[in-house]
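# Summary of the model geometry
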Amino acid sequence: MTDPAPSAVRLEGPWTHRDVAANGARFHIAELGDGPLVMLVHGFPQFWWAWRHQLVALADAGFRAVAMDLRGVGGSDRTPRGYDPANLALDITGVIRSLGEPDAALVGHDLGGYLAWTAAAMRPKLVRRLAVVSMPHPRRWRSAMLRDRRQTAAASYIWGFQRPWIPERQLTADDGALVARLIRDWSGPRLPDDEAVETYQRAMCIPSTAHCSIEPYRWLVRSLARPDGIQFNRRMKRPVRVPTLHLHGSLDPVTRTRSAAGSGEYVEAPYRWRLFDGLGHFPHEEDPVGFSAELVNWLKDPEPDR
């Protein structure tokens, strides 16, 4: 591989790249289409490019699709602090405001899904619909991590992230070889192609990205018994009051179906659970056509029922 550079994340396509200011930082976005805003938020160990298929599908369906890079990842600012979920959620809602939109349908995967749940609870006026992929509600996640031995074992990488400096070195060693292994291990039988995996490897090797990618997970674990973590958990008792679509792969080895299912207890609005048979942790990439159809049909449904 060539030396990584910020240009490694501004990949060419039908979309437009630009930067927007929000919540005291600068965020890179890729956008395509016109219509109601759909904000796409990636997870670990990825960046905005994870949504490349959905950007096109959503734009074709009449939406303004925007995929953002989270703080510290891709083309966004790598700030020294600000990686707790409350602040990261304010990054997302801040970008929605900066785009001049009154609200957005918010779609989040993995860590992006955790933050999407958070944003919908903290800034309900800015989120008109919520779609979460491969991630339980934060209170369900916390409970599963503390009480379910199988979930604790499945998410062993998160416990490994608590060590200083070593995880960063592991993520970037051998041109990001660990990133490739994680993506392939967490996928179902429909493995991503080598070119896609190498794209994520290059992005992770941009200086400081590995550290910034790990910091949210350090907060999630270290705050479990701290006042700030306990306060955040209490704040997340506030129910989500917008239509919610919850998507999950039946073969997800990282987030157990049992952990994710039941998140609807925190939704006081139409809630739809959809389990994709034969898919792993990245259903939007493993079956982009099927996933995009499910998402678009739900977004266009004027009365999504339970």
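Rules used in this analysis
- Residues numbered from 1 in each chain as written.
- Predicted model: local features only at pLDDT ≥ 70, side-chain atom pairs only at ≥ 80, totals over all residues.
- Heavy atoms only, no water.
- Helix = DSSP H or I, 4+ residues; strand = E, 2+ residues; numbered from the N terminus.
- Buried < 20%, exposed > 50% of the residue type's maximum accessible area, 1.4 Å probe, protein only.
- Contact = heavy atoms within 4.5 Å.
- UniProt positions renumbered as here; feature names shortened; annotations may be inferred.
- Pairing = 2+ DSSP bridges.
- 1 Å grid on protein atoms, 1.4 Å probe; cavity = no way out; pocket = protein on both sides within 12 Å on 5 of 7 lines; lining within 4 Å.
- Points joined across faces, edges and corners; volume = space filled by probe spheres on them.
- Nonpolar A, V, L, I, M, F, W, Y, C, P; charged D, E, K, R; others polar.
- Axes fitted to C-alpha atoms, helices over the stretch in contact; angles between N-to-C directions.

### Points about the environment of lysine 125
As for its position among the elements, lysine 125 is in the loop between helix H3 (111–122) and strand E6 (127–133). When its relative accessible area of 78% is taken as the criterion, lysine 125 is described as exposed. In this structure the C-alpha to C-alpha distance between lysine 125 and proline 102, which are 23 residues apart in sequence, comes to 8.2 Å. Discounting residues that sit within four places of it in the chain, lysine 125 has contacts with Pro102 and Asp103.

### What about helix H4 (residues 138–147)?
When H4 is considered as a whole, its buried residues turn out to be Pro138, Arg139, Trp141, Ala144 and Met145. In the core, the buried residues of H4 are packed alongside H3, helix H5 (149–154), helix H6 (156–160), helix H9 (209–222), helix H10 (227–235) and helix H11 (257–260).

### With respect to the environment of tyrosine 157
Assignment of secondary structure puts tyrosine 157 in helix H6. The class of tyrosine 157 is buried, set by a relative accessible area of 13%. For tyrosine 157 and proline 216, which are 59 residues apart along the polypeptide, the C-alpha to C-alpha distance reads 13 Å. Apart from the residues lying within four places of it in its own chain, the contact partners of tyrosine 157 are Phe44, Asp110, Trp186, Tyr217 and Val254.

### Remarks on the UniProt feature "domain: AB hydrolase-1" (unreviewed entry) in the chain
UniProt's entry tags residues 36–288 with the feature "domain: AB hydrolase-1" (unreviewed entry), counted in the numbering of this structure. Secondary structure content for residues 36–288 is 47% helix and 14% strand, and the end C-alpha separation is 21 Å.

### Looking at the pairing of strand E7 (residues 244–249)
In terms of burial, E7 is largely enclosed, as six of its six residues are buried. Side-chain alternation along E7 places Thr244, His246 and His248 on one buried face and Leu245, Leu247 and Gly249 on a second face that is also buried. Bridge analysis of E6 against E7 gives four bridges, and the strand direction is parallel. Bridging from a neighbouring strand, valine 133 pairs with leucine 247 of E7. One ladder, built from six bridges, connects E7 with strand E8 (residues 271–276); its direction is parallel. Looking at the pairing, histidine 246 lines up with tryptophan 273 of E8.

### Considerations on the layout of surface pockets
Of the volumes computed, that of the largest pocket is approximately 240 Å³. As for the largest pocket, its lining consists of Arg139, Arg140, Arg142, Ser143, Ala144, Leu146, Arg147, Asp148, Asn233, Arg258, Ser259 and Tyr266. Counting residues per element, the ones that place at least two in the lining of the largest pocket are H4 and H11. The greatest single-element share of the lining of the largest pocket, amounting to seven residues, is contributed by H4. Among the residues making up the lining of the largest pocket, the classes are represented as three nonpolar, three polar and six charged.

### Examining the sheet that holds strand E1 (residues 16–22)
Taken together, eight strands build an open sheet; the order of strands is E1-E2-E4-E3-E5-E6-E7-E8 and the sheet is mixed. The sheet is open, and its two borders are formed by E1 and E8, each paired with just one other strand. Taken over all neighbouring pairs, the strand axes of this sheet differ in orientation by 20° on average, direction set aside. This element, helix H2 (residues 85–98), spans E1, strand E2 (25–32), strand E3 (37–41), strand E4 (64–68) and strand E5 (104–109) of the sheet and lies at about 110° to E1.

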